[in-house]
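Listed here are the chains, written in short residue letters.
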Amino acid sequence: MKLIINRNQLPLMPNRFYQVIEKELADVDPKDANAITLNFRDPDYSAEDGGFHPVEVRLEKQQEHWRLVYVTDFAFRGHPFPELVKDIDICFNSKQVYSLFSGWIGERECKALIDLFTQNFATYFDMGVYKVKVSLD
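Residues numbered from 1 in each chain as written. Predicted model: local features only at pLDDT ≥ 70, side-chain atom pairs only at ≥ 80, totals over all residues. Heavy atoms only, no water.

Engineer: Outline the packing of aromatic side chains, supporting the account with residue identities and numerical values.
Structural biologist: Counting across every chain of the model gives ten aromatic pairs. Measuring from ring centre to ring centre gives 4.9 Å for F40 and F121, while their planes differ by 85°; the resulting arrangement is edge-to-face. Highlighted residues: F40 in strand β1 (residues 35-41) and F121 in helix α2 (residues 107-127), separated in sequence by 81 residues. With respect to class, F40 is no different from F121; both count as buried. When the ring of Y98 is compared with that of W104, the centres are 5.4 Å apart and the planes differ by 65°; the resulting orientation is edge-to-face. (Phe/Tyr/Trp six-rings, centres within 6.5 Å; stacked < 30°, edge-to-face > 60°. Helix = DSSP H or I, 4+ residues; strand = E, 2+ residues; numbered from the N terminus. Buried < 20%, exposed > 50% of the residue type's maximum accessible area, 1.4 Å probe, protein only.)

Engineer: Residue-level account of the environment of I36, with values.
Structural biologist: Among the secondary structure elements, I36 is positioned in strand β1. Overall, the relative accessible area of 0% leaves I36 in the buried class. The residues touching I36, leaving out its near neighbours within four places in the chain, are L3, L25, P30, V57, R58, L59, W66, V134, S135 and L136. (Contact = heavy atoms within 4.5 Å.)

Engineer: Let's hear about the layout of surface pockets: which residues, and what values?
Structural biologist: Counted as a void, the largest pocket has a volume near 290 Å³. Lining the largest pocket are 15 residues, with P11, L12, E107, C110 and K111 sitting closest to its centre. Put simply, the parts of the chain that give the lining of the largest pocket at least two residues each are β5 (96-99) and α2. Among the elements that take part in the lining of the largest pocket, α2 stands out by supplying five residues, more than any other. For the lining of the largest pocket, a count of residues per class yields nine nonpolar, two polar and four charged. Approximately 170 Å³ is the volume found for the second largest pocket. What lines the second largest pocket is a set of 14 residues, and nearest its centre among them are H53, D73, F117, N120 and Y124. Counting residues per element, the lining of the second largest pocket draws most heavily on α2, which supplies six residues. Among the residues making up the lining of the second largest pocket, the classes are represented as nine nonpolar, three polar and two charged. (1 Å grid on protein atoms, 1.4 Å probe; cavity = no way out; pocket = protein on both sides within 12 Å on 5 of 7 lines; lining within 4 Å. Points joined across faces, edges and corners; volume = space filled by probe spheres on them. Nonpolar A, V, L, I, M, F, W, Y, C, P; charged D, E, K, R; others polar.)

Engineer: Explain helix α1 (residues 15-25) residue by residue, including any values.
Structural biologist: Taken as a whole, α1 has its buried residues at F17, Y18, V20, I21 and L25. Each buried residue of α1 lies within a common arc of 155° when the element is viewed along its axis, so the set occupies one face. If you follow the buried residues of α1, they end up packed against β1, β2 (55-62), β3 (65-77), α2 and β7 (131-136). (Arc of directions from axis to C-beta.)

Written out as C-alpha cells, the structure reads:
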C-alpha cells in the first residue's frame, strides 16, 4: 500500500528524505494505525566508539494523508556518563528546528541544517548502516 505523505509541511524537507521514508514504508499496511514511528539505528553506535547517529521519524494520519510530526537525530553527550540526547530536532507542529549547540535556529540556518542532515541521512541509509524498525500505533 502506498502511503500519501503531505510534502508541503514546514519546515520543508528535501525530496530525498521522502524517498527514504517511502522506501521503508513500501510494504507497510497501516490500515488501523493512526501513527507510524520509524527508528533508524546503527547497531554499532556507542558513546565509546562513535558511529552513525540514531534517527527517529514520526508520522500521524490526517484524514487520507500522513503528516510528519518530527524528525530527531540523537547523539551521545556528557561525561563521564554519556546519554542519548536530541542533537537535531525538526518539529513540524511548531515549524521550528532545534540544534543542541545553538538552540532554536532561524529560517536560513534551518534550511542549511536540514539540507546537510538529509544529505548525510540518505547517504548513510544508502550505505546500509541502519537497521530500521517500523512501529504502528
